[in-house]
Amino acid sequence: MSDFGPVNPGHAEEAAWLRRWRLRPDGDPITTASSTLMPVSMADGTPAMVKLARTDEEVRGTDLLAALHGRGAAAVLERNGAAVLLERATGARDLVRMVHDGHDDDATRIICAAAAGIHASSAEVLAAEEPPELVDLPTWFRQLFSQGVELGAFHRRGADVASRLLDDQRDPVVLHGDLHHGNVLDFGERGWLAIDPKGLSGEAAFDVCNLLCNPSYERALEPGRLERQFGVVVAATGLEPARLADWLTAWCALSSTWFAIDDDERRSAAVAAIGERALTLR
């Protein structure tokens, strides 16, 4: 056993970062198509997380985390290219469990607050000596316009709504891009913070749409649930209801398109159904 704890010989890259940053493994690595995550302990015992990005999108998100300096999101402790050492969420609270325990409204408010924290840091992020390269929303929506319009009437309606919104965006800010109940975690004394941003820029209302489709499509489609959480978001953010309803429609059309491209018909239909309901919200 090395000074840095046992390392699976099949994880040579992870082992190299353990040695470089003097870390000890604190759990098994989790590898996906886009990244590898490994819970670790620092030399002083502080829990942390090593993340090795495998895609440009993950690298862009890490760039945004570094530029945020822990404002509204997990702090970057070390960084070298696509490898990053992050503070680790160790709090016992969980937003998905909170919803199931009957505290749906509170979970929604927490995610809205996390979004606001990131948006409020926009000036500092963009004024950095080397600001992160962010993807604008017209680029993010490109597949809705190129492929989604072929899927049906709702997607064509969603594309029309998205086009109108994108032609007249209000006060663009730095966006997380993927805020939901699994991407806002309990960091103990630091409170609730976001992880895994996409690194976008655009109108703030976009960032609170995904939470209305979560923590599951089944939950989102329960009778009255969308209408209630929509009202909670409006009260928490001060957004204009009609404008938020339009962004939710556009978001659902885009998300449904992505699932259709991936041949996931069940999820594509579910998020489109949420979008159909969004058309009635005002």
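Up top is the structure.
The rules behind these values
- Here the residue numbers are simple positions, counted from 1 along each chain's written sequence.
- At least 70 in pLDDT is required for a residue's local features to be given in this predicted model, at least 80 for side-chain atom pairs to be given and counted, and no such filter applies to totals for whole chains, interfaces and linings, which use all residues.
- Based on all heavy atoms of the structure, the side-chain values leave hydrogens and waters out of the count.
- In this description a helix means any DSSP run of H or I spanning at least four residues, a strand means any run of E spanning at least two, and both kinds are numbered starting from the N terminus.
- For the radius of gyration, the atom set is restricted to C-alpha positions; the globular benchmark scales as 2.2 Å times the number of residues to the power 0.38.
- To sort residues, take the accessible area from a 1.4 Å probe on protein chains only and compare it with the maximum for the residue type: under 20% means buried, over 50% means exposed, and anything in between is partly exposed.
- A 1.4 Å probe and the Shrake-Rupley method give the accessible areas. Residues count as covered only by the protein chains that appear here.
- DSSP-based pairing: two strands are paired if at least 2 bridges between them are found.
- In this text, buried Ala, Val, Leu, Ile, Met, Phe, Trp, Tyr and Cys residues form a nonpolar core when linked through side-chain atoms within 4.5 Å.
- Salt bridges, as used here, are contacts in which a Lys or Arg side-chain nitrogen is within 4 Å of a carboxyl oxygen on Asp or Glu.

1. Let's talk about the overall build of the protein
Broken down by element type, the protein carries 12 helices and 11 strands. For 282 residues, the compact-globule estimate of 2.2 N^0.38 gives 19 Å, and the protein sits close to it at 20 Å. Structurally, the protein occupies a C-alpha span of about 60 × 40 × 40 Å along its principal axes. Here the protein holds 282 residues, and the buried ones make up 49% of them. Entry remark: accessible area of the protein is about 13100 Å², with carbon and sulfur atoms responsible for 49%.

2. What to know about the sheet that holds strand 11 (residues 200–202)
The strand order 7-11-8 describes an open sheet built from 3 strands, whose pairing is mixed. Of all strands in the sheet, those bounded by a partner on one side alone are strand 7 (135–136) and strand 8 (173–175). Note: strand 7 against strand 11, 2 bridges, orientation parallel. Along strand 11, the bridge assignment pairs valine 135 with leucine 200.

3. Thoughts on the nonpolar core
Core analysis: the largest hydrophobic core is formed by 66 residues, its most contacted members being Leu137, Phe141, Phe206, Trp247 and Leu248. The element contributing the most residues to this core is helix 11 (residues 241–261), with 10 residues. The next biggest cluster of nonpolar side chains, apart from the first, holds 11 residues, and it includes Leu18, Ala48, Ala83 and Leu85.

4. Re unusual backbone geometry
For the bond from asparagine 214 to proline 215, the omega torsion is 10°, close enough to zero to count as cis. Structurally, proline 215 can be placed in the loop between strand 11 and helix 9 (217–220). A positive phi angle, close to 45°, is found at aspartate 171, a residue other than glycine. With respect to the element layout, aspartate 171 can be found in the loop between helix 8 (153–166) and strand 8. Exposure remark for aspartate 171: the relative accessible area of 66% places this residue in the exposed category.

5. Concerning the pairing of strand 4 (residues 47–53)
Among the 7 residues that make up strand 4, 5 are buried, leaving the element largely enclosed by the rest of the structure. Looking at chain direction, strand 3 (residues 35–41) and strand 4 are connected through 7 bridges and run antiparallel. Looking at strand 4, one finds that valine 40 is bridged to alanine 48. The loop that links strand 3 with its antiparallel partner strand 4 comprises 5 residues; one of these, glycine 45, has a positive phi angle of about 90°. Of the strand pairs in this sheet, strand 4 and strand 6 (residues 83–87) are connected by 5 bridges, and their pairing is antiparallel.

6. Overview of the pattern of salt bridges
As enumerated under the stated definition, the model contains 17 salt bridges in all. Aspartate 196 is paired through a salt bridge with lysine 51; the nearest N and O atoms lie 2.8 Å apart. Of this pair, aspartate 196 sits in the loop between strand 10 (192–194) and strand 11 while lysine 51 sits in strand 4, placing them 145 residues apart in sequence. In this structure aspartate 196 comes out as partly exposed when scored by relative accessible area, which is 27%. Overall, the relative accessible area of 4% leaves lysine 51 in the buried class. As a salt-bridge pair, glutamate 222 and arginine 219 come within 3.7 Å of each other at their nearest N and O atoms. One salt-bridge network, held together by shared partners, links Lys51, Glu58 and Asp196.

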